[in-house]
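Spelled out from the first residue to the last, the chains are:
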Amino acid sequence: MSQLIVKVWNFIFNADASPLRNIPNVSTRHYVLQALGFMWAVAFAVAIGSYTVLAVSIIGHAVLIAAAAITVITYTAAAKKPELFGNE
């Protein structure tokens, strides 16, 4: 298993072991590897950020929907059973 991990790691991150080895210019090979690394960093950042924001958004929407529901329940109760709010 550890040999498999090392082979996969080298295939992805080692420009001499990956298909990038076919690019003859070493600096171009390095640039392409850096660009791919940056692309993956941005992709993971966007994915994790959207998951985080999604959770906050869901909670925020749930609070707004709950507030609207409580308002409707309160207005309905005031219209149908005003005695629930005390007699003055």
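A quick note: this is a predicted structure, and the numbers were derived from the prediction, not measured. (Residues numbered from 1 in each chain as written. Predicted model: local features only at pLDDT ≥ 70, side-chain atom pairs only at ≥ 80, totals over all residues. Heavy atoms only, no water.)

S.K.: For this particular structure, what's the right way to read the overall build of the protein chain?
M.R.: From N to C terminus, the protein chain includes two helices and zero strands. Computed over the C-alpha atoms, the radius of gyration of the protein chain is 29 Å, more than 25% above the 12 Å expected from 2.2 N^0.38 for a compact globule of 88 residues. In the protein chain, buried positions account for 7% of the 88 residues. As presented, the protein chain carries roughly 7,600 Å² of accessible surface, and 73% of it is formed by carbon and sulfur atoms. (Helix = DSSP H or I, 4+ residues; strand = E, 2+ residues; numbered from the N terminus. Rg over C-alpha atoms; globule rule 2.2 N^0.38 Å. Buried < 20%, exposed > 50% of the residue type's maximum accessible area, 1.4 Å probe, protein only. Areas by Shrake-Rupley, 256 points an atom, 1.4 Å probe, with all protein chains shown as cover.)

S.K.: Would you explain the pattern of salt bridges in this entry?
M.R.: Should the charged atoms of two oppositely charged side chains come close, the side chains can pair. Per the counting criterion, the structure on display carries one salt bridge. Across the salt bridge formed by Asp16 and Arg29, the nearest N and O atoms sit 2.9 Å from each other. Pair noted here: Asp16 is in the loop between helix 1 (2-13) and helix 2 (26-80) and Arg29 is in helix 2, with a separation of 13 residues, a long-range link. (Salt bridge = Lys/Arg side-chain N within 4 Å of Asp/Glu carboxyl O.)

S.K.: It is not clear to me how helix 2 should be interpreted in this structure. Could you clarify?
M.R.: Because an α-helix completes one turn every 3.6 residues, residues spaced three or four positions apart along the sequence face the same direction. A rise of 1.5 Å per residue sets the reference length of helix 2, with its 55 residues, at 81 Å; its end C-alpha atoms lie 80 Å apart and thus fit the reference within 8%. Of all the residues in helix 2, the buried ones are Arg29, Leu33 and Ala77. Packing partners of the buried residues in helix 2 comprise helix 1. (Expected span 1.5 Å × (residues − 1). Contact = heavy atoms within 4.5 Å.)

S.K.: Whenever I open this one, the layout of surface pockets confuses me. Can you help?
M.R.: The probe, sized like a water molecule, is rolled over the atoms to show the empty space still left. In this model, the largest pocket occupies a volume close to 250 Å³. For the lining of the largest pocket, the elements supplying multiple residues, two or more each, are helix 1 and helix 2. When its residues are assigned to classes, the lining of the largest pocket shows eight nonpolar, three polar and no charged. (1 Å grid on protein atoms, 1.4 Å probe; cavity = no way out; pocket = protein on both sides within 12 Å on 5 of 7 lines; lining within 4 Å. Points joined across faces, edges and corners; volume = space filled by probe spheres on them. Nonpolar A, V, L, I, M, F, W, Y, C, P; charged D, E, K, R; others polar.)

S.K.: Explain the packing of aromatic side chains to me, please; I cannot follow it from the model alone.
M.R.: What characterises a pair of aromatic rings is the spacing of the ring centres plus the angle enclosed by the ring planes. Tallying each qualifying case throughout the model produces two aromatic pairs. Each ring, one from Trp9 and one from Phe13, has its centre 4.3 Å from the other, and the planes form 45°; the classification is tilted. One end of the pair, Trp9, and the other, Phe13, are both in helix 1, four residues apart, so they sit about a helical turn from each other. Trp9 sits in the exposed class, given a relative accessible area of 54%. Aromatic side chains Trp40 and Phe44 sit 5.9 Å apart centroid to centroid with 40° between the ring planes, which places their arrangement in the tilted category. On the criterion of helical spacing, the pair formed by Trp40 and Phe44 is a turn pair, its members being four residues apart in helix 2. (Phe/Tyr/Trp six-rings, centres within 6.5 Å; stacked < 30°, edge-to-face > 60°.)

Purely geometric numbers; function is a separate question.
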